[in-house]
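Overview (structure and organization)
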Amino acid sequence: MGKMQDMYEDAKQYLVAGSSAGQRYNGVMGHPLYLDHADGCRLYDVEGNSYIDYHGGSGAALFGHNHPRLKAAIEKAVERGFFMNYDTEDTIELAKLVRQIFPSCEKIRLANTGSEATQGAIRLARGFTGRDKVLRFEGHFHGMHENIWFNHSAVHEEDAYGQVVTTPDSAGFQHDAVNPVLTVVFNDVDALEHIVKKYKGEIACLIMEPISFNCGCMIPKEGFLQQVRDICTREGIILIFDEVITGLRVRPGSAQKFFGVYPDMTTTAKAIGGGMSISLIGGKAEIMDHFNPIGNVAMSGTYTGALMPVMVSVECLKMALEPGFYDHFDTIGNKLYNGVNDLFKKHGMKGHARGVGARWAIYFGVENPDDDYDFRKIATEFDRSMDRKFVTEALSYGLWFHDTSAAITPGHRALLTAHTEADIDETLEKMDAIFNKIK
Ligand SMILES: Cc1ncc(COP(=O)(O)O)c(C=O)c1O
């Protein structure tokens, strides 16, 4: 037995499934990945193996691991008291940088996780509009709370108009949690028009991922996002872009700038903190001012705006604004995505890769890239067993693809500032050998 197996036997007596989070048990390894340390784009496990990281801390580690500028920000925060529970000049600097990056975020409120941000955003939308219902797209994911954790992990019954039966993704929800949540298929404007008409005047907000990396890399069809924007404006529905993953990953202005369509409110987290726990809700001032103490929608928290994550976030946003920052992702992204697509062809395997900016997915089994627009098609065609084989083989080649093979859609994979062209060459060479084995 290796050291990780020993650790697992010990850990599972004290930690549920031997790990600190539900997604961390690794089905392919038969135990969690126990790490010693991480640096740049490499992870180092307790058995002395190293891996090129294509998970990137679930999306938080856009800048790689142990980044010197982020480390320096942490050290400065340590010298100044690191927590404090009060705001500093850095908090104001952060808010100004956020407005520079997301002009639609005239004002912001901080939080700690993506889930907390979406929870607060939905509460604010309800408080602002006085309406109860929340509209969401099938397949999109917005965090782990009873307001919104529905219809990501399974396909549920759909009616003739594209409305899907809202169904929790976890046991333990109160029985009526589904009542205010409406679910509709993605990328179908007629379905959206129908549901909006059916519940006219009742819908507080529509929350969506502008690119659903939680379905692999599901992008809106040409023009769909603008149609969504127009419908929400017409119906007085607050449009929330959940940019928890897309934030900073697709040009500094994120997905909203990339598509040129702007929401009323934005939630973002992960990359903006470079590994620190920080998230934010931003939006039009007239909406945001309904948060307490100006307004009557309460939102606060003990750890909100702690000095260390704020100082690190300032550094992350500054880096994202530097000239050439995204050229790196264009260069290595094109090389990787095209390279993987060439490998599918070379080995006569069904599938393809799709990436936007610094996040991507491998669609084993999905031959036609046009199917990427459709959650139901992907859920049907995605070859989970091939994905699992790939992730398993990749381990012995020193490539880390987090095991998401229990999911019905492809897992989202990372690109980091720390990946170099040489890392991508090494990865493609190894993937060539892996595809040769598993085809
Ligand atoms: C789009 C989106 N929203 C919200 C969340 C929840 O974020 P957190 O895990 O920080 O609570 C996630 C997490 O993966 C996400 O991808």
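This text follows the structure it describes.
Definitions and cut-offs
Throughout, a residue's number is its position along its own chain's written sequence, starting from 1. At least 70 in pLDDT is required for a residue's local features to be given in this predicted model, at least 80 for side-chain atom pairs to be given and counted, and no such filter applies to totals for whole chains, interfaces and linings, which use all residues. Side-chain numbers here rest on the full set of heavy atoms in the structure, without hydrogens or water. Only strands that DSSP links by at least two bridges are regarded as paired with each other. By the criteria applied, helices consist of DSSP H or I runs no shorter than four residues and strands consist of E runs no shorter than two, each listed in order from the N terminus. Note on contacts: a residue pair is in contact if any heavy atoms of the two residues lie within 4.5 Å. To obtain each axis, a line is fitted to C-alpha atoms, and for helices this fit is confined to the stretch in contact; angles are then taken between N-to-C directions over 0 to 180 degrees. Exposed residues in this analysis have more than 50% of their type's maximum accessible area, buried residues have under 20%, and partly exposed residues fall in between, with area computed by a 1.4 Å probe over protein chains only. Look down the strands so they point away from you; if the path from the first strand over the helix to the second goes clockwise, the crossover is right-handed. Within 6.5 Å between ring centres, the rings of Phe, Tyr and Trp (the latter by its six-membered ring) count as paired, and their orientation is classed by plane angle as stacked under 30 degrees, edge-to-face over 60, tilted in between.

Strand order in this open sheet of three strands is S12-S13-S15, and the pairing throughout is antiparallel. Edge positions in the open sheet fall to strand S12 (351-356) and strand S15 (413-414), since each of these has one partner strand only. Bridge count for S12 against strand S13 (residues 359-364) is six bridges, and the pairing is antiparallel. Note on S13: the bridge partner recorded for arginine 354 is alanine 361. Contacting S13 and S15, helix H12 (residues 384-396) crosses the sheet at an angle of about 120° to S13.

Now for the pairing of strand S9 (residues 238-243). Each regular strand carries side chains that alternate between the two faces of the sheet. Across the six residues that make up S9, a large majority, six, are buried. Alternating residues of S9 divide into Ile238, Ile240 and Asp242 and Leu239, Phe241 and Glu243, and every residue in both groups is buried. Considered for its hand, the β-α-β crossover made up of strand S8 (residues 203-208), helix H6 (residues 224-235) and S9 is right-handed. Considered for its hand, the β-α-β crossover made up of S9, helix H7 (residues 254-259) and strand S10 (residues 265-268) is right-handed.

Counted by the stated rule, this structure contains 24 aromatic pairs. Residues phenylalanine 186 and phenylalanine 224 carry aromatic rings whose centres are separated by 5.5 Å and whose planes lie at 85° to one another, so their mutual orientation is edge-to-face. Of this pair, phenylalanine 186 sits in the loop between strand S7 (181-184) and helix H5 (189-198) while phenylalanine 224 sits in helix H6, placing them 38 residues apart in sequence. Residue class for phenylalanine 224 comes out buried when judged on its relative accessible area of 2%. With centroids separated by 5.0 Å and ring planes inclined at 55°, the aromatic side chains of phenylalanine 390 and phenylalanine 401 adopt a geometry described as tilted. With a gap of eleven residues between them, phenylalanine 390 in helix H12 and phenylalanine 401 in the loop between strand S14 (399-400) and S15 connect regions that are remote in the sequence. This pair shows no difference in class: phenylalanine 390 is buried, exactly as phenylalanine 401 is. Each residue in the set Tyr54, Tyr337, Phe344, Trp360, Phe364, Phe390, Phe401 and Phe435 is aromatic and connected to the rest through ring pairs, giving one cluster.

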